[in-house]
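# Structural overview for review
The residues making up each chain are set out below.
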Amino acid sequence: TGVAVNADGSLVPEGEYSDQVTIGFGTGEITGEYARDTVCFGTPASVEVEAPGVISPENSTAPAIIGEVEAENSVVVSDSTTPEAASHELCVEMSVILAVEMSSQPFKTFRFDGILGLGLDGLAMSKNFSAFEMLMGTGLGQSHFGVFLTEGEEGEASEIAFGGHDPRRILEPLSWAPVAMPELGYWQIHIVALRINGVEL
């Protein structure tokens, strides 16, 4: 269902080559072509899952929570907060970069098949390439996301919440800090002090 596009979003005429871009990721790099396609987050309703993920209905103020399911590294989304609810996908039409060539390191060792960029506007090719911006256009609540990472202790699964955060995953109220140099696109903050056992370094 995807269509080839150029960097500016224009359709690639039939018989012509699309624009390519090379992106560096740490020690590796990917060469890819631009495309516009429907990207879905979650697991189709026809797939049976055991671990409950949660996504709130459109125009809700609660976050959309997408969680991994066991070792398959897939995700499940539900339109209810109850584990018994049928799972659904949250789909958006957006621009993506499809890899046509990538370096062996580090990508050969990766188990996943894609990279979801969640940087600020300064790192996005355009709004249409920003998964976060496109997801916010579906009617989710607040314009932020929360990430919960785990190594699977007590059967827990890592998850990401769009449009808010999962209150079950925090031990105390959130504290907010302004992003330093947001024009660069990175989620970085100014460090006031670093302490170990109450001793400032």
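To keep things clear, this report deals only with the structure shown in the data block. Not measured: the values here are computed from a predicted model.

## Here we look at the nonpolar core
- In terms of nonpolar packing, the biggest core is built from 15 residues, with Val-92, Met-94, Leu-135 and Phe-162 touching the most fellow members.
- Put simply, the parts of the chain that give this core at least two residues each are strand E3 (28-42), strand E6 (89-102), helix H2 (131-136) and strand E8 (159-162).
- Setting aside residues no more than four positions away along its own chain, Leu-135 makes contact with Phe-41, Leu-90, Val-92, Leu-140 and Phe-162.

## Regarding unusual backbone geometry
- Geometrically, the link from Gln-105 to Pro-106 is a cis peptide bond, its omega value of 5° lying close to zero.
- Tracing the backbone shows Pro-106 in helix H1 (residues 104-107).
- Of note in this structure, Glu-154 is not a glycine but carries a positive phi near 55°.
- Residue placement: Glu-154 occurs in the loop between strand E7 (145-148) and E8.
- Although it is not a glycine, Asn-197 adopts a positive phi angle of roughly 55°.
- Structurally, the position occupied by Asn-197 is in the loop between strand E9 (195-196) and strand E10 (199-200).
- A residue is classified by how much of its surface remains accessible, and Asn-197, at 80% relative accessible area, is exposed.

## A word on the packing of aromatic side chains
- Inspection of every chain in the model, using the stated rule, returns five aromatic pairs.
- With a centroid separation of 5.7 Å and an interplanar angle of 75°, the aromatic rings of Tyr-34 and Phe-129 are classed as edge-to-face. A residue pair is termed long-range when its members are at least 10 positions apart, and Tyr-34 in strand E3 and Phe-129 in the loop between H1 and H2 qualify at 95 residues. Across the pair, exposure class does not vary: Tyr-34 and Phe-129 are buried alike.
- Between Phe-145 and Trp-187, the aromatic rings sit 5.8 Å apart at their centres with planes inclined by 85°, giving edge-to-face as the arrangement. Pair noted here: Phe-145 is in strand E7 and Trp-187 is in the loop between E8 and E9, with a separation of 42 residues, a long-range link.
- Judged by its relative accessible area of 23%, Phe-145 falls in the partly exposed class.
- Pairwise contacts between aromatic rings join Phe-132, Phe-145, Phe-162 and Trp-187 into one cluster.
- Arg-169 extends its terminal NZ or CZ atom over the ring of Phe-148, reaching a point 4.2 Å from the ring centre.

## Thoughts on a nonpolar patch on the surface
- On the surface, a cluster of nonpolar side chains totalling about 340 Å² of accessible area is made up of Phe-25, Phe-110, Phe-112 and Ile-115.
- Relative to the helices and strands, Phe-25 resides in strand E2 (residues 20-25).

Calculation criteria
Residues numbered from 1 in each chain as written. Predicted model: local features only at pLDDT ≥ 70, side-chain atom pairs only at ≥ 80, totals over all residues. Heavy atoms only, no water. Core = buried A, V, L, I, M, F, W, Y, C linked by side-chain atoms within 4.5 Å. Buried < 20%, exposed > 50% of the residue type's maximum accessible area, 1.4 Å probe, protein only. Helix = DSSP H or I, 4+ residues; strand = E, 2+ residues; numbered from the N terminus. Contact = heavy atoms within 4.5 Å. Phe/Tyr/Trp six-rings, centres within 6.5 Å; stacked < 30°, edge-to-face > 60°. Lys NZ or Arg CZ within 6 Å of the ring centre and 35° of its normal. Patch = residues over 30% accessible without salt bridge, like charges linked within 9 Å, V, L, I, M, F, W, Y side chains within 5 Å. Areas by Shrake-Rupley, 256 points an atom, 1.4 Å probe, with all protein chains shown as cover. Salt bridge = Lys/Arg side-chain N within 4 Å of Asp/Glu carboxyl O.

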